[in-house]
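Chains, contacts and geometry: an overview
Each chain is listed here by its residues.
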Amino acid sequence: MPSAASSIVSFYRSSIGKKLVVAITGLGLVAFLFGHMAGNLKVYAGPDKINSYAAWLHSMPALLWAARLGLLACFFGHIVTTVLLVKQNRAARGEVGYAYNATVQASRASRTMIWSGIIILCFVIYHLMHYTMCIGNEYESASYIDAAGRHDVYKMLVDGFSWFPASAFYIVSMALLCWHLSHGFASCFQTLGLRGERSWPLIKAAGYGVAAVIFIGNCSIPISIMAGWVSY
Amino acid sequence: MNLTLKVWRQGGPNHKGKIETYPAEDIPEEASFLEMLDIVNERIITDGGEPIAFDHDCREGICGACSLTINGVPHGRESAITTCQLHMRKFRDGDTIWVEPFRARAFPVLRDLVVDRSAFDRIIEAGGYISARTGSAVDANATPVPKADADEAFEAAACIGCGACVAACKNASAMLFVSAKVKHLGNFPQGQPEAKRRVLAMVRQMDEEGFGNCTNQYECEAVCPKEITAEFIADLNRGYAKASLEETLG
Ligand code: FES
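Keep in mind that what you see is a predicted model, and the values were worked out from it rather than measured.

It is worth spelling out the overall build of chain B at this point. A tally of regular secondary structure across chain B gives 8 helices and 7 strands. Projected onto its principal axes, the C-alpha coordinates of chain B cover approximately 65 × 40 × 35 Å. The buried share of chain B, reckoned over its 250 residues, is 51%. Restricting the contact set of chain B to residue pairs at least 6 apart, pairs at least 24 apart contribute 69%. Counting only carbon and sulfur atoms, one obtains 49% of the accessible surface of chain B, whose full area is about 11100 Å².

So this is what it looks like as structure tokens:
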């Protein structure tokens, strides 16, 4: 009987083990996307609502950090494991590939997951520097404190997305994210073995639905700000 | 009909191969793809050349010996058939056809279009069997099997192990093959004693052979001559997760 530790190691070393890690971390990231979007949409409820929401999140540092660490684990788990898989997959074809390449039904999104993923990674780094770490901007200065003494997230969002390049990069990244999800979401269920003959078309439709909702929900914010519908 | 063939030629396992061009003239439309190659080979032999080596046996779509990647698609573009069942009338006069071996690191080329698929045999040896006594016929109803389970097992058992799934997969993954074998044995009560061991051992062997990892693109099921569904891969994933969990906790 192998020990528990060696079972876990051989699970992660296995093809299906790694795929399961990618699927579970992927679903974790999708859950985060929804939570994050729901929070951001409070911008439509006005400065008071979104600022108090942000203050509420920061009032529980232990929980906030636990969530952040979980998210970070999903993020790195997803990326490191997919990179390992891609390396193995490239090697599996052998030294000589096909001279005549053809695709029967694999979607374009499924064939470009690593590239959409890499661009999303670049975006996430930029996005964190922009709004979380506030590098290269004044978002942590006194002028971003609202009347109630809270961090003025509303003003930060409006100022951040008023700069066209930031909004454009955001929208392009969201498009790629949804492209990634159009393959990734249903794929998670396939990998987890949660698919039946009747549920499969629904799962695939849900994947497109999730991608569309995240795209529309998130992109509406920079668009509204640039159009002047959300301002201060 | 007159065609041009672009064929992978390779003298032996360690030789460097290359694509060579052959004319295929006066080919009857009713010839199968393999018969067309036979005709071309006869002419090559008459001209004093080495015939193109390719695998074949039953020539009626049941043995899984024939292979070939035709214009980038294992067994050709037509769905649910093997190369031996593909007929030349599916091509147009004047076409150029690319004929390459099934490409995968785990399927090394032996010569021209012939690849070594013994990796599949080793996966079967690792767990693709049952230990229940099968030597003599037992009463048909001694072990009741629900009809739906039997039907599903039959669909999985239709796999002829040709390897087209590997050749078509962007990652040269063998998961459709392995999932079909795990399914057809695991769906029966007689397959239960080894169920957990089987899935772990077969996946382990599959990985050791150097096949890639499924990325859920389903090229495999699109080219499978027996139309094995990728739903079996989902079942394999779940079965493997469950067996691994039991092994870890057990
Ligand atoms: S030769 Fe037997 S399946 Fe084609």
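From this point, the narrative continues.
All right, on to a nonpolar patch on the surface then. A cluster of nonpolar side chains, Trp65(A), Leu69(A), Leu72(A), Phe76(A), Val80(A) and Leu84(A), forms an exposed patch at the surface whose accessible area comes to about 600 Å². For Val80(A), the location among the structural elements is in helix H4 (residues 61-92).

This part takes up the packing of aromatic side chains. A complete count under the given rule lists 18 aromatic pairs over all chains for this structure. Consider the rings of Phe107(B) and Phe211(B), whose centres lie 5.6 Å apart with planes at 85°: the pair is edge-to-face. Of this pair, Phe107(B) sits in the loop between strand S5 (96-100) and strand S6 (109-111) while Phe211(B) is found in the loop between helix H6 (195-208) and helix H7 (219-223), placing the two residues 104 residues apart along the sequence. Its relative accessible area of 1% is what places Phe107(B) among the buried residues. On the accessibility criterion, Phe211(B) (5% relative accessible area) is buried. Looking at Lys155(A), its charged tip hangs above the ring of Tyr144(A), at a distance of 4.5 Å from the centre.

With that out of the way, let us pick up the nonpolar core. Formed by 56 residues in total, the largest nonpolar core has its most connected members in Val166(B) and Phe211(B). Of all the elements, helix H5 (residues 175-186) of chain B adds the most residues to this core, at 6 residues. When residues are assigned to domains, this core turns out to be shared by domain 1 (3-111) and domain 2 (117-249) of chain B, each giving three or more. Setting aside its immediate chain neighbours within four residues, Val166(B) contacts Arg93(A), Arg103(B), Ala104(B), Phe107(B), Phe120(B), Ala172(B), Ser173(B), Ala174(B) and Phe211(B).

Let's shift gears to the confidence of the model for chain B. Residues of chain B with pLDDT of at least 70 account for 100%, and the chain-wide mean is 96. Of the two predicted TM-score estimates for the complex, the pTM is 0.95 and the ipTM is 0.93.

Turning our attention to the sheet that holds strand S2 (residues 18-24) of chain B. Residue and element names in this part refer to chain B. A sheet is described by the order of its strands in space; here 5 strands give the open sequence S2-S1-S5-S3-S4, paired in mixed fashion. Each of the sheet's edge strands pairs with one partner strand only, and the pair in question is S2 and strand S4 (73-74). Sheet topology places strand S3 (residues 69-70) next to S4; 2 bridges connect them, and they run antiparallel. Opposite Ile70, over in S4, you have Val73 as the bridge partner. Against the sheet, helix H1 (residues 33-46) engages strand S1 (3-9), S2, S3 and S5, with an angle of about 90° to S2.

Moving on to the pairing of S5(B). Regular strands place their side chains on alternate faces of the sheet. Across 4 bridges, the pairing between S1(B) and S5(B) is parallel. Across the sheet, residue Leu5(B) finds its bridge partner in S5(B), namely Ile97(B).

Residues and elements named next belong to chain A. Residue placement: Asp159 occurs in helix H7 (residues 153-162). Separated by 73 residues in sequence, Asp159 and Tyr232 have C-alpha atoms that sit 9.6 Å apart. Those residues within four positions of Asp159 in sequence are excluded, and the remaining contacts are Tyr139, Tyr144 and Tyr232. A polar side-chain atom of Asp159 sits 2.5 Å from a polar atom in the side chain of Tyr144.

The subject of this paragraph is the packing of H6(B) against helix H8 (residues 231-249) of chain B. For any two helices packed against each other, the geometry comes down to the angle between their axes and how far apart the axes lie. Residue and element names in this part refer to chain B. Relative to each other, H6 and H8 sit at 110°, their axes nearing to 9 Å. As the angle between them shows, H6 and H8 are arranged roughly perpendicular. Contacts between H6 and H8 involve Lys196, Val199, Leu200, Val203 and Arg204 from the former and Leu236, Gly239, Tyr240, Ala243, Ser244, Glu246 and Glu247 from the latter.

All names here are of chain B. Each assigned domain of chain B is listed here: domain 1 (3-111) and domain 2 (117-249). Averaged C-alpha coordinates put domain 1 and domain 2 at centres separated by 29 Å. In this assembly, 21 residues from domain 1 lie in contact with 20 residues from domain 2. Applying the counting criterion to the domain 1 and domain 2 interface returns 1 salt bridge. Arg117 is the partner of Asp55 in a salt bridge, and the nearest nitrogen-oxygen pair spans 3.2 Å. At the boundary of domain 1 and domain 2, one finds 4 residue pairs in polar contact (both at pLDDT 80 or more). Looking at the side of domain 1 that touches domain 2, its residues break down into 12 nonpolar, 6 polar and 3 charged.

What counts, and where the lines are drawn
Residues numbered from 1 in each chain as written. Chains lettered and ligands numbered in written order. Predicted model: local features only at pLDDT ≥ 70, side-chain atom pairs only at ≥ 80, totals over all residues. Heavy atoms only, no water. Helix = DSSP H or I, 4+ residues; strand = E, 2+ residues; numbered from the N terminus. Buried < 20%, exposed > 50% of the residue type's maximum accessible area, 1.4 Å probe, protein only. Contact = heavy atoms within 4.5 Å. Areas by Shrake-Rupley, 256 points an atom, 1.4 Å probe, with all protein chains shown as cover. Patch = residues over 30% accessible without salt bridge, like charges linked within 9 Å, V, L, I, M, F, W, Y side chains within 5 Å. Salt bridge = Lys/Arg side-chain N within 4 Å of Asp/Glu carboxyl O. Phe/Tyr/Trp six-rings, centres within 6.5 Å; stacked < 30°, edge-to-face > 60°. Lys NZ or Arg CZ within 6 Å of the ring centre and 35° of its normal. Core = buried A, V, L, I, M, F, W, Y, C linked by side-chain atoms within 4.5 Å. Domains from an automatic or database assignment. pLDDT = per-residue confidence, 0-100. Pairing = 2+ DSSP bridges. Axes fitted to C-alpha atoms, helices over the stretch in contact; angles between N-to-C directions. Polar contact = N/O pair within 3.5 Å; in protein donor to acceptor, adjacent residues only side chain to side chain. Parallel < 35°, antiparallel > 145°, perpendicular 65-115°, else oblique. Nonpolar A, V, L, I, M, F, W, Y, C, P; charged D, E, K, R; others polar.

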